[in-house]
Amino acid sequence: MLDKRKELVTRFLRYVAIPSQSDEKNSAVPSTPGQRTLAQLLARELKELGLSDVSVDEHSVVYGTLKANAKGPAIGFVSHLDTVDVALSPEIHPQILRYAGGDVCLNREKDLWIRVKEHPELERYKGEEIIFTDGTSVLGADNKSAMANIMTMFAVLHDDPSIKHSELHVAFVPDEEKGLCGSKIMDLGKFKVDFAYTIDSCELGEVVWETFNAGSGKLCVQGVSAHPMSAKGVMVNPLLVVHDFVAMFDRKQTPECTDGKDGYWWFQSVTSDPLNAVLGINIRDHDKQRYEWRKQVLRDNARKLQEQYPTAKIALELSDTYENIANNVTRDDPPVALLYKALEELGIKAKTYAMRGGTDGSALSARGIVTPNYFTGAHNFHSSAEFLPLSSFEKSLSVTLKLIELALES
Ligand SMILES: [Zn+2]
């Protein structure tokens, strides 16, 4: 029988050895060649594990299908190919240590540590094997632990054909970290599922089926330039117009002043010269109506600004980025209910939370495929303190296998 822990770890180490950090500055999808390399490797492995219709499209989205040997809904599993770019090394050098308690030295040469004072959650795993970084990069458990999880699930089914399962689909998508680019351009004709899951959350037990509704905006101001000698009553400084616009909003409704289910406007960037200024805005709210209200406030304030500066040209562009999964689903709907049942049967306490962000599931749910999200088992995504306890990693795989079992029609 397949040694699941060994299979998980071997696959994880193989996938993180291929650097696939996405590049914010490159608008192509995929934004980096490493994601292409990883996509090709995964496609080869899917074929070896007996999947059919395995393909990699021009954007490096990998698709594959495992035909059913029993009746039940078609289930999809999705993970993303890229690791986040947070100005750390794109190369990942993981290390597996048995955690003895206390602070852990990740890198003697550079004197890099993970301290219990900053990360008290470490102490929960005393005596256990944990995969750490070398302090110079993220670990890439976001999202390569999901990749290893999904591939190991297929390896388990390949190893033991007597295990019953419905039709299973997989998609590995690029550039999630740049705004869910891959899941937005996925060809759903190659991913014909009743519902899907991402495995893209942190610690043991986490369940996410509520995310933000998200959008972005751009306020473009064309002012009036004039020489200072004759500027009085004529010049309209676009930078000050933008300043007045920002001042119209509640200073407390910003990312740094909100948490839980409070939404916000995030004025993110300004570029300006004497004639033109452009303000970049992010809009976030879990509540769909409040999200729409936030967009309306932006429009109303842009109109007021135009009235205040009649000789300027002011234009506001708004677009939706992704949707709250919960706009399309409740706790009792099959994909969510099944997830809770899987955790319950495995004796894992569910930690449900409304994510202050999005996942590929937010994009897919907006496109009609309800896609909740569950834990990888890792801690501290997007930081060099990211670590993955093997016991939680294995439990994340157990959830995947349990979902497949529970989905079968009895
Ligand atoms: Zn992720």
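All figures in this text were calculated on a predicted structure; none of them were measured in a lab.

1. Points about the domain arrangement of the protein chain
Along its sequence, the protein chain is carved into domain 1 (4-211 + 325-407) and domain 2 (213-321). Computed from C-alpha atoms alone, the centre-to-centre distance between domain 1 and domain 2 is 37 Å. Listed as interface residues are five residues of domain 1 and, on the opposing side, five residues of domain 2. Taken together, the residues that form the side of domain 1 that touches domain 2 break down as one nonpolar, three polar and one charged.

2. So, the sheet that holds strand β7 (residues 129-132)
What the three strands build is an open sheet, ordered β4-β7-β17; its pairing is antiparallel. A single partner strand is all that each edge strand has here, and the edge strands are β4 (95-98) and β17 (388-389). Where β4 meets β7, four bridges bridge the pair, whose relative direction is antiparallel. Looking at the pairing, Gln95 lines up with Phe132 of β7.

3. A few points about the pairing of β7
A regular strand carries its side chains on alternate faces of the sheet. Bridging between β7 and β17 involves two bridges; their strand directions are antiparallel. The residue of β17 that forms the bridge with Ile131 is Leu388.

4. Some remarks on the pairing of strand β9 (residues 195-201)
Of all the seven residues making up β9, seven are buried; the element is thus mostly covered by neighbouring parts of the structure. Alignment of strand β3 (residues 75-80) against β9, held across four bridges, turns out to be parallel. By the bridge assignment for β9, Val78 is matched with Thr198. Examined bridge by bridge, β9 and strand β16 (residues 373-375) share two bridges and lie parallel to one another. Paired with Thr198 across the strands is Asn373, a residue of β16.

5. What to know about the nonpolar core
Most often, soluble globular proteins have nonpolar side chains that are buried together. Counting residues in hydrophobic clusters, the biggest one holds 105 residues, and the most contacted among them are Ala171, Phe172, Ala196 and Leu403. Considering every element that reaches this core, the biggest residue donor is helix α3 (residues 141-159), with 10 residues. Looking at which domains feed residues into this core, each of domain 1 (4-211 + 325-407) and domain 2 (213-321) supplies at least three. Beyond its immediate sequence surroundings of up to four residues, Ala171 is in contact with Val61, Val62, Tyr63, Gly76, Val78, Met186 and Phe191.

6. Quick word on helix α9 (residues 390-407)
The end-to-end C-alpha distance of α9 is 26 Å, a good match for the 26 Å that 18 residues give at a rise of 1.5 Å each. Burial in α9 covers these residues: Ser392, Phe393, Ser396, Leu397, Val399, Thr400, Lys402, Leu403, Ile404 and Ala407.

7. Some words on the sheet that holds β9
The eight strands lie next to each other as β1-β2-β8-β3-β9-β16-β10-β15, forming an open sheet whose pairing is mixed. Among the strands making up the open sheet, the edge pair consists of β1 (52-56) and β15 (351-354). Averaged over all neighbouring strand pairs, the angle between strand axes comes to 20°, with direction disregarded.

Here is what the cut-offs are and how they apply
- Residues numbered from 1 in each chain as written.
- Predicted model: local features only at pLDDT ≥ 70, side-chain atom pairs only at ≥ 80, totals over all residues.
- Domains from an automatic or database assignment.
- Contact = placed C-beta atoms within 7 Å.
- Nonpolar A, V, L, I, M, F, W, Y, C, P; charged D, E, K, R; others polar.
- Pairing = 2+ DSSP bridges.
- Helix = DSSP H or I, 4+ residues; strand = E, 2+ residues; numbered from the N terminus.
- Buried ≥ 20, exposed ≤ 12 C-beta atoms within 10 Å, placed from the backbone.
- Core = buried A, V, L, I, M, F, W, Y, C linked by C-beta atoms within 7 Å.
- Expected span 1.5 Å × (residues − 1).
- Axes fitted to C-alpha atoms, helices over the stretch in contact; angles between N-to-C directions.

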